[in-house]
Amino acid sequence: MERVSLDHVHSRLLPRGWGVGILVGLVVSAVSVVVPDRGLLEVVNKAGTRGDYFEVFSPFWPGVVVGALLVGVSVAGWLLQRSRPAVLAAGAATAATVTGGAWLSTLVHLASQGSWIEGRPCRHDDGRLDLPAQSGATATLSPVVAYWREAARHEASSVGTFEVLADRLTSFGANEDLAVRCWRAADDERRHATLCTAIAEGLNGGPIGDLDAEWRPSSQVAEDSLERLATEAFVHGAIGEAFSAAILRAGAGSAAPELEVLIRSLANDEDEHAELAKDTIRWCLARGDERVHLALSAAMDAVAEEPHYPSLLVGVVIDDLRVGGLLSESETVDLWRIVRQESINFLRSELAKTS
Ligand SMILES: [Fe+2]
Ligand SMILES: [Fe+2]
């Protein structure tokens, strides 16, 4: 759940300097009303005596008006912030009505939760991950080892995503280049699953169990469309995989030397997958109609201000994160904001070209 506070609202709707200025202004106004030589009681008595409240209070009116305006802006901002989830839900519902799919509500919800995911794992229509089973318990593993072990599951599932995506794009008449790149990405994700397992075993100093080699996705893509392809590409690829590349690259430098090369390799591939997603969006926009615009806009408006941080890593000391090539929760926020803004800028530009 996104944190809501006046400070948070100010940081969104007003420059931070304004927030400080408003606070100082209100304090100065309050002090000026109650200073001893011009105390409030004295002023009220004068007004009562002369019967002219406006004139006696006139020195304070500018401050009162400005203060009221600033308080009004703050309250309005707070109310807007409080209503944002409802507004997003209403927007998604409207877009879903036009595009004809509940899938959009799921994607909008996922976008509003932020991202920290390895690869682009398969998902059910309600957003739940569709992952292969893995033998062995996590209870005996350190959080960092358990994280990389879980990442291997995500990467293995991502193979299925790209294999299915190649067929989906082909069925909509996409050019061969996109489908070939999907098949190549599927091979990358297969390799990533092996690399993540190797990283986990390297950190663990021994085996961590095996992924179910017979696993196949049970999730199905119902109600497929160009707008769904485009919106998935934006949420899971242009943002999700680009963010994945960014955190991997940032974490690689501090990882144990034998892991650094592996993690950089993951980052380079995820960058390519993010580019594939962007090209998919361009193709869908060129081929589709206003429903593609509508669905993409709904997802773009919903993208969270902060990333999702894996619960496995909460509370892990920074030295352990460093050795494992991982970042602290606070370190991810700046990276997320950069990737988020770049992705939104990209999409705005593409939407403008085709509107
Ligand atoms: Fe990927
Ligand atoms: Fe991957």
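Just so you know, these numbers come straight off a predicted model, no measurement behind them.

K.L.:
I tried to follow the overall build of the protein chain on my own but got confused; where do I start?
P.N.:
The helix and strand inventory of the protein chain stands at 13 helices and zero strands. Reading the secondary structure of the protein chain in the N-to-C direction produces α-α-α-α-α-α-α-α-α-α-α-α-α. Put simply, the protein chain has 355 residues, and 36% of those count as buried. Considering only contacts within the protein chain whose residues lie at least 6 apart along the sequence, 79% involve residues at least 24 apart.

K.L.:
I'm lost on the nonpolar core in this one. Help?
P.N.:
Among soluble globular proteins, nonpolar side chains are generally buried collectively. In terms of nonpolar packing, the biggest core is built from 72 residues, with Trp 148, Ala 230, Phe 234 and Ala 299 touching the most fellow members. At 14 residues, the largest contribution of residues to this core is made by helix H9 (residues 226–252). Beyond its immediate sequence surroundings of up to four residues, Phe 234 is in contact with Ile 239, Ile 281, Leu 296, Ala 299 and Leu 347.

K.L.:
Looking at this structure, how should I read helix H13 (residues 329–354)?
P.N.:
The α-helix advances 3.6 residues per turn, and as a result positions three or four apart in sequence lie on the same side. The terminal C-alpha atoms of H13 lie 37 Å apart, and with 26 residues this matches the ideal 38 Å at 1.5 Å per residue to within 8%. All of the buried residues in H13 are Thr 332, Trp 336, Val 339, Arg 340, Ser 343, Leu 347 and Glu 350. Looking at the packing, one finds that the buried side of H13 touches H9, helix H10 (257–287) and helix H11 (290–302).

K.L.:
Please explain the environment of His 308 as it appears in this structure.
P.N.:
Along the chain, the position of His 308 falls in the loop between H11 and helix H12 (318–323). Taking the C-alpha atoms as reference points, His 308 and Trp 336, separated by 28 residues in sequence, lie 9.5 Å from one another. Once residues lying within four places of it in the same chain are set aside, the contact partners of His 308 are Gln 113, Gly 114, Ser 115 and Trp 116.

K.L.:
Where do I start with the confidence of the model for the protein chain in this structure?
P.N.:
Low pLDDT means the predicted atomic positions in that stretch should not be read closely. Mean pLDDT over the protein chain: 84, with 79% of residues reaching 70 or higher. Long-range and interchain partners of residues 1–13, a stretch whose pLDDT sits below 50, account for 15 contacts in this model, where long-range means more than four residues apart.

K.L.:
Would you explain the packing of helix H6 (residues 103–112) against H9 in this entry?
P.N.:
In a pair of packed helices, the angle between the axes and the distance between the axes together describe the arrangement. Relative to each other, H6 and H9 sit at 10 degrees, their axes nearing to 10 Å. Classified by the interaxial angle, the pair formed by H6 and H9 is roughly parallel. In this structure, H6 contributes Trp 103, Leu 104, Leu 107, Leu 110 and Ala 111 to the contact, and H9 contributes Arg 228, Thr 231, Glu 232 and Val 235. The residue inventory of the contact of H6 with H9, partitioned by class, reads six nonpolar, one polar and two charged.

K.L.:
Looking at this model, I keep getting lost on unusual backbone geometry. Mind explaining?
P.N.:
Glycine aside, a negative phi is what most residues show, and trans is what most peptide bonds show. Of note, Glu 223 is a non-glycine position whose phi angle comes to about 50 degrees, a positive value. Summarising the element assignment, Glu 223 is placed in the loop between helix H8 (176–204) and H9. For Glu 223, a count of 12 C-beta atoms within 10 Å puts it in the exposed group.

K.L.:
What am I meant to see in the packing of H9 against H10 here?
P.N.:
Remark: H9 packs on H10, axes separated minimally by 7 Å, with the N-to-C direction vectors making an angle of 160 degrees. By the angle class used here, H9 and H10 are roughly antiparallel. You can see that H9 and H10 cross each other, and the crossing is left-handed. Partitioning the contact of H9 with H10 into residue classes produces 19 nonpolar, five polar and eight charged.

Thresholds applied
Residues numbered from 1 in each chain as written. Chains lettered and ligands numbered in written order. Predicted model: local features only at pLDDT ≥ 70, side-chain atom pairs only at ≥ 80, totals over all residues. Helix = DSSP H or I, 4+ residues; strand = E, 2+ residues; numbered from the N terminus. Buried ≥ 20, exposed ≤ 12 C-beta atoms within 10 Å, placed from the backbone. Contact = placed C-beta atoms within 7 Å. Core = buried A, V, L, I, M, F, W, Y, C linked by C-beta atoms within 7 Å. Expected span 1.5 Å × (residues − 1). pLDDT = per-residue confidence, 0-100. Axes fitted to C-alpha atoms, helices over the stretch in contact; angles between N-to-C directions. Parallel < 35°, antiparallel > 145°, perpendicular 65-115°, else oblique. Nonpolar A, V, L, I, M, F, W, Y, C, P; charged D, E, K, R; others polar. Left-handed = near helix turned anticlockwise from the far one by under 90°.

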